[in-house]
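Below, each chain spelled out in residue letters.
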Amino acid sequence: MELTLTTPAMLFPAISLLFLSYNGRFLTLANLVRSLHSEYLKNPTPDTFAQLQNISIRLRLIRWMQWLGLLAFVGSAGTMLFLYLKWLWLAHALFGVSQVLLIGSLCVSLTEIHISINALNILIKDIL
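Residues numbered from 1 in each chain as written. Predicted model: local features only at pLDDT ≥ 70, side-chain atom pairs only at ≥ 80, totals over all residues. Heavy atoms only, no water.

Observations regarding the packing of helix H2 (residues 11–42) against helix H4 (residues 88–124)
At step 1: Interhelical geometry of H2 versus H4 gives an angle of 30 degrees and a closest axis separation of 12 Å. Accordingly, the angle class assigned to the pair H2 and H4 is roughly parallel. The two elements H2 and H4 cross, and the hand of that crossing is left-handed. On H4, the residues that touch Leu11, Ile15, Leu18, Tyr22, Arg25 and Leu29 of H2 are Phe95, Gln99, Leu102, Ser105, Leu106, Ser109, Glu112 and Ile113.
At step 2: Class assignment for the residues of the contact of H2 with H4 results in nine nonpolar, three polar and two charged. (Axes fitted to C-alpha atoms, helices over the stretch in contact; angles between N-to-C directions. Helix = DSSP H or I, 4+ residues; strand = E, 2+ residues; numbered from the N terminus. Parallel < 35°, antiparallel > 145°, perpendicular 65-115°, else oblique. Left-handed = near helix turned anticlockwise from the far one by under 90°. Contact = heavy atoms within 4.5 Å. Nonpolar A, V, L, I, M, F, W, Y, C, P; charged D, E, K, R; others polar.)

Considering the packing of H2 against helix H3 (residues 46–84)
At step 1: For the pair H2 and H3, interaxial distance at closest approach is 9 Å and the crossing angle is 160 degrees. Overall, the two elements H2 and H3 adopt an arrangement that is roughly antiparallel. Considering only the axes of H2 and H3, their crossing is left-handed.
At step 2: Taken together, the residues that form the contact of H2 with H3 break down as 22 nonpolar, eight polar and three charged.

Considering the nonpolar core
At step 1: Ile15 and Leu102 are the most contacted members of the largest nonpolar core, which totals 21 residues.
At step 2: Elements with a minimum of two residues in this core: H2, H3 and H4.
At step 3: With eight residues, the top contributor of residues to this core is H3.
At step 4: When neighbours within four sequence positions are excluded, Ile15 is seen to be in contact with Gly69, Ala72, Phe73, Ser76 and Leu102. (Core = buried A, V, L, I, M, F, W, Y, C linked by side-chain atoms within 4.5 Å. Buried < 20%, exposed > 50% of the residue type's maximum accessible area, 1.4 Å probe, protein only.)

Focus: the confidence of the model for the protein
At step 1: When pLDDT is averaged along the protein, the result is 92, and 100% of the positions lie at 70 or above.
At step 2: Per-residue pLDDT, averaged within each element of the protein, yields its smallest value for helix H1 (residues 6–9) (88) and its largest for H3 (94). (pLDDT = per-residue confidence, 0-100.)

Concerning the side chain of Ser76
At step 1: Topologically, Ser76 is positioned in helix H3.
At step 2: Looking at Ser76, the relative accessible area reads 1%, which means it is buried.
At step 3: Leaving out residues up to four positions away in the same chain, Ser76 has contacts with Pro8, Leu11, Phe12, Ile15 and Ser98.

This is the structure in structure tokens:
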């Protein structure tokens, strides 16, 4: 397989869009935590506590999503550097690692989405 400078460069927009999505999730959860925290301090209920626990898990997952995505981005940039320096074996290895990291980030994202959907289903189960 021939690896050129354009191959890892093509990942930059995709990873940037992933980060926008991840940051959007984080900001939404941060606002929800602030709201639930003040609600819990005023009227502590088991449901509010359970929601805060769920959000805590999701925040940890988002942190991992961001870390893995960031490392994939750095790996792609490093791949370009190694290609420029003509260190092809290292460029190929780093590109493979960055792809694994990106796949890991997407898998963690899928897990976070699954947890989010379960939390929403719990909220609406008594209505449906």
